[in-house]
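Structural overview
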Amino acid sequence: MDIVVKGRKTEVPERFRKHVAEKLKLEKVQKLDAKVISLDVEVSKEPNPRQADRSDRVEITLRSRGPVVRAEAAAADPYAALDLATAKLEARLRKQHDKRFSRRGNGRIPASDVAVSVPDAARLNTNGQLAATSEAEPAVPTTKMGSLDVLGEGPLVVREKTHSAAPMTLTQALYEMELVGHDFYLFVDADTKLPSVVYRRHAYDYGVIHLNPDSFGEEEPGGAGGALGG
C-alpha cells in the first residue's frame, strides 16, 4: 500500500511526511480493510489570520477495491489536524469493518443505542432535536456575494472535482455517504439510471433527489410566428 502526501498551495516538510507514515500504521489500516490500495494525505493552509485556530487542514482519502473512505479535520497546526483526521478515518473504517459482520445478523444494535455505539452519530435531546455539542465551532464572518454566502473574508474559491462511479442502489449510496462523512452523496441510480443525490435531513432522516433530463430543453426554440401558434 502506498501513502502519498501532498500539499495544496503549501509546502510539506519532510519531517511531517515521516510523521504521517508513523501515524497511519499500515498494519492497523490493513487489519480494518484488507483491500486497501492507497492512502492520499492532502495538507492545505488557510491564510486568514482570523481562522488561526483552524488554519491547517488535513484530508485523508483511502482507496480500496471497496468504497472510498475519506476523513478531514482542521486545527492550529498540521500535526493536530492529522491526529483528528486519523481518528475519524479509523472510526469510519471500524464502522465499515463491523458492518460486514452485521450483514450476517451479528452485532446488530437497536436504534436507541446508535448514539452510544456509533462514532460521530448525531445525538438528540428530549424534544427530538439535535443536541448541542461541547465543542463549539468558532464564529466565522459571512459575506453575501450574489446568491452565495461566503465564509470568512474570501476570496470566493470554487473547488471542482470529477469522480467516476458505477451505478448503485440507494442503500449503497447511503452507506458510502456515511463513509466519506458528507451530508450528501451524488450517484447514478442502478434502477432508473438517473443522476441522483441522497442527503441528510434530520437525525436519521434522509432525502433523495432524482434528476430527470428534460427532453423539451433539447428542442430548438421556435421563431416568433411559431411561438404564437397559428
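Report on the accompanying structure. (Residues numbered from 1 in each chain as written. Predicted model: local features only at pLDDT ≥ 70, side-chain atom pairs only at ≥ 80, totals over all residues. Heavy atoms only, no water.)

Concerning the environment of Val41
- Structurally, the position occupied by Val41 is in strand β2 (residues 36-45).
- On the basis of relative accessibility, which here comes to 0%, the residue Val41 falls in the buried class.
- Separated by 35 residues in the primary sequence, Val41 and Lys6 have C-alpha atoms spaced 6.3 Å apart.
- If we skip the residues at most four places from it in the chain, Val41 touches Ile3, Val4, Val5, Lys6, Val20, Leu24, Val58, Glu59 and Ile60. (Helix = DSSP H or I, 4+ residues; strand = E, 2+ residues; numbered from the N terminus. Buried < 20%, exposed > 50% of the residue type's maximum accessible area, 1.4 Å probe, protein only. Contact = heavy atoms within 4.5 Å.)

Some details on the pairing of β2
- Burial runs high along β2: 8 of the 10 residues are buried.
- Taken together, the 7 bridges between strand β1 (residues 2-8) and β2 define a ladder with parallel strand orientation. Residue pairing for β2: Val4 is matched across the bridge by Asp40.
- Here 9 bridges tie β2 to strand β3 (residues 56-64), and the two strands are oriented antiparallel to one another. If you follow Glu42 over to β3, its bridge partner there is Glu59. (Pairing = 2+ DSSP bridges.)

Some points on the sheet that holds strand β9 (residues 206-210)
- Overall, antiparallel pairing links the 3 strands, which are arranged β7-β8-β9 in an open sheet. Looking at which strands have only one partner, the edges of the open sheet turn out to be β7 (184-188) and β9. For this sheet the average axis-to-axis angle between neighbouring strands, irrespective of direction, equals 20 degrees. (Axes fitted to C-alpha atoms, helices over the stretch in contact; angles between N-to-C directions.)

Side note on the pattern of salt bridges
- Summed over the entire model, instances satisfying the criterion amount to 10 salt bridges.
- Across the pair Glu59 and Arg70 runs a salt bridge whose closest N-O atoms are separated by 3.5 Å. Pair noted here: Glu59 is in strand β3 and Arg70 is in strand β4 (residues 69-75), with a separation of 11 residues, a long-range link. Comparing Glu59 with Arg70, the two get one shared label, buried.
- Measuring nitrogen to oxygen at the nearest pair gives 3.7 Å for the salt bridge that ties Lys95 to Glu178. Of this pair, Lys95 sits in helix α3 (residues 78-102) while Glu178 sits in helix α5 (residues 170-180), and the two are 83 residues apart along the sequence. (Salt bridge = Lys/Arg side-chain N within 4 Å of Asp/Glu carboxyl O.)

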